[in-house]
Amino acid sequence: MPEHPVVALLRQLMSIPSTSEEEHEIGVWLTKHLSSLGYTAELIPISAESSRCNVYAYLGSDRKARTCVSSHMDTVPPHIDFRMENGVIYGRGACDDKGPLAAQILAVEELRAEGAIQDGDVSMLFVVGEEKGGPGMLAANDMGLTWEAIVFGEPTESKLATGHKGHFVFELFVQGKSAHSGYPEMGKSANGSLVEVLKELSCLQYPASDLLGPSTFHCGKMHGGVAYNVIAAESYALCGVRVAADLPRIEGMVGDVVGRYPNVVLTKSFSYSETLLDHNVEGLDTIAVSFGTDVPRLKGSHKSYLYGPGSILHAHGENEQVKVSDLIESIAVYKQLLQLSLKTKT
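Residues numbered from 1 in each chain as written. Predicted model: local features only at pLDDT ≥ 70, side-chain atom pairs only at ≥ 80, totals over all residues. Heavy atoms only, no water.

J.: Describe in detail the nonpolar core, supporting the description with residues and values.
T.: The biggest cluster of nonpolar side chains holds 53 residues, and the ones touching the most others in it are Leu34, Ile89, Met124, Phe126 and Leu337. Secondary structure elements with two or more residues in this core: helix H1 (5–14), helix H2 (24–36), strand S2 (53–58), helix H3 (98–113), strand S6 (122–127), strand S7 (149–153), strand S17 (303–307) and helix H7 (324–343). Among residues more than four places away in sequence, those in contact with Met124 are Leu34, Tyr39, Val55, Tyr56, Ala57, Cys68, Val69, Ile105 and Val108. One finds Phe217, Cys239, Val257 and Tyr261 within the second-largest nonpolar core, a separate group that totals 23 residues. (Core = buried A, V, L, I, M, F, W, Y, C linked by side-chain atoms within 4.5 Å. Buried < 20%, exposed > 50% of the residue type's maximum accessible area, 1.4 Å probe, protein only. Helix = DSSP H or I, 4+ residues; strand = E, 2+ residues; numbered from the N terminus. Contact = heavy atoms within 4.5 Å.)

J.: Please provide a residue-by-residue account of the side chain of Asp121, values included.
T.: Relative to the helices and strands, Asp121 is located in the loop between H3 and S6. Buried and unpaired, Asp121 has Arg66 as its nearest opposite-charge partner, separated by 4.6 Å. Setting aside residues up to four positions removed in sequence, Asp121 forms contacts with Ala65, Arg66, Thr67, Ala116 and Leu342. (Lys, Arg positive; Asp, Glu negative; His and termini not counted. Salt bridge = Lys/Arg side-chain N within 4 Å of Asp/Glu carboxyl O.)

J.: Tell me what's going on with the sheet that holds S2, and back it up with residues and numbers.
T.: A sheet is described by the order of its strands in space; here six strands give the open sequence S1-S2-S6-S3-S7-S17, paired in mixed fashion. Edge positions in the sheet fall to strand S1 (40–45) and S17, since each of these pairs with one other strand and no more. Ignoring strand direction, the axes of neighbouring strands in this sheet form an average angle of 20°. Relative to S7, strand S3 (residues 67–72) runs parallel, the two being bridged by four bridges. (Pairing = 2+ DSSP bridges. Axes fitted to C-alpha atoms, helices over the stretch in contact; angles between N-to-C directions.)

J.: Run through unusual backbone geometry, naming residues and quoting values.
T.: Looking along the chain, the bond that leaves Pro77 and enters Pro78 is cis, with omega of -5°. Mapped onto the fold, Pro78 is located in the loop between S3 and strand S4 (83–85). A cis geometry characterises the amide bond from Asp96 onward to Asp97, with omega recorded as 20°. Mapped onto the fold, Asp97 is located in the loop between strand S5 (88–90) and H3. One non-glycine residue, Glu157, adopts positive backbone phi at about 60°.

J.: I'd love a proper account of the environment of His4, names of residues and values included.
T.: Here His4 lies in the segment before H1. A polar side-chain atom of His4 sits 3.0 Å from the main-chain amide nitrogen of Val6. (Polar contact = N/O pair within 3.5 Å; in protein donor to acceptor, adjacent residues only side chain to side chain.)

J.: Can you explain the packing of aromatic side chains? Please cite residues and give values.
T.: Throughout the structure, instances matching the rule amount to seven aromatic pairs. Consider the rings of Phe270 and Tyr272, whose centres lie 6.4 Å apart with planes at 5°: the pair is stacked. By relative accessible area, which is 37% here, Phe270 ends up partly exposed. With relative accessibility at 16%, the residue Tyr272 sits in the buried group. Every member of this aromatic cluster is reached through a ring pair, and the members are Tyr56, Tyr58 and Trp147. For the cation-ring pair, Arg112 lies above Tyr39, with the distance from its terminal atom to the ring centre recorded as 4.6 Å. (Phe/Tyr/Trp six-rings, centres within 6.5 Å; stacked < 30°, edge-to-face > 60°. Lys NZ or Arg CZ within 6 Å of the ring centre and 35° of its normal.)

J.: Give me the lowdown on the layout of surface pockets, citing residues and values where you can.
T.: Where empty space is left in the structure can be found by rolling a water-sized probe over the atoms. The calculated volume of the largest pocket comes to roughly 380 Å³. Glu130, Glu131, His167, Arg242 and Gly292 are the residues nearest the centre of the largest pocket, which is lined by 16 residues in total. For the lining of the largest pocket, the residue count by class is four nonpolar, five polar and seven charged. Residue-level mapping places the lining of the largest pocket at the junction of two domains, with at least three residues from each of domain 1 (5–164 + 274–343) and domain 2 (166–272). Quantified by volume, the second largest pocket comes out at close to 240 Å³. Listing elements by their share of the lining of the second largest pocket, those giving two or more residues are strand S9 (166–175), strand S12 (216–224) and strand S13 (234–243). Among the elements that make up the lining of the second largest pocket, the one with the highest residue count is S13 (four residues). For the lining of the second largest pocket, a count of residues per class yields three nonpolar, four polar and two charged. (1 Å grid on protein atoms, 1.4 Å probe; cavity = no way out; pocket = protein on both sides within 12 Å on 5 of 7 lines; lining within 4 Å. Points joined across faces, edges and corners; volume = space filled by probe spheres on them. Nonpolar A, V, L, I, M, F, W, Y, C, P; charged D, E, K, R; others polar. Domains from an automatic or database assignment.)

J.: Give me the domain arrangement of the protein: which residues, what numbers.
T.: Domain annotation of the protein identifies domain 1 (5–164 + 274–343) and domain 2 (166–272). The centre of domain 1, based on its C-alpha atoms, is set 35 Å off from the matching centre of domain 2. Of the residues lining the interface, twelve residues belong to domain 1; the matching set on domain 2 comes to nine residues. Between the two partners, domain 1 and domain 2, sit zero salt bridges. Here domain 1 and domain 2 share zero residue pairs in polar contact (both at pLDDT 80 or more) between them. Taken together, the elements giving at least two residues each to the side of domain 1 that touches domain 2 come down to strand S8 (160–164) and strand S16 (286–289). Per-element tally for the side of domain 1 that touches domain 2: the top contributor is S8, with three residues. Of the residues in the side of domain 1 that touches domain 2, the class split is five nonpolar, six polar and one charged.

Spelled out as structure tokens, the structure:
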């Protein structure tokens, strides 16, 4: 039995390593592939100084289109080769985000073959860096384009996302005083202060949302000290709050806690509020998700749909996967979302 076209495309995409900041090869390949299918495909640098490029494709000669499908080309490390067992595809990018990307291309191709779209109806935007700050989507704001609706691809368990949490990411720098651990009264442990601050932050009751659930705190990285018998003079933590509601209040709560420790300095890395999505589509189940996406990075008044095959619980892990049946089903859903968006004439 011949391989389904979406599996063949995903196999090719997953054969190209494309961890964040190393997306050039897959961008070049996608541009050539889409050009070979008859699209006008552009490889667009994200800045004048950068070799990193987004891919933008459309039918005809006019870059402007009413709708757009978008996914990210980059993955988290390490690269894991494609393999398929018992109807399941495993490997890096299977669901995050090359599976959705492949399904989106096939959806547009099927609509085109059916004569359901024409020049100016649908474009495709595939970006770099979603896994690392979103420079690709931020750069897309400089393209001078607007759309009526955008369908973003991410692993949402084959359900239409109602919204996703925001993020407040910050660093803590702690200054102590070094001393022999046999005489702790002669020093001040930076590690001790850091542990106290982190305990307080983890015990806070952050704002919650009926739609997205609780806001949650997490310390993802920490280090400090030089040896077991030396009082730590310095320590550090990288932390984040997944924001379900009221970002300003959360930032204030964290600031108040840290402010009670004169030897701790808080440095904000970045933050963005929760994102609410368009989701009233007949026949599709819905889900609220806690992970972040490129959706809030692209400015505009367009409708925003978020949908894709696979689960975020499998993304980023050694067993990242997507069912072939879910991948094929997602093609039909992407077609449905595009056709729904095109029904409203402007």
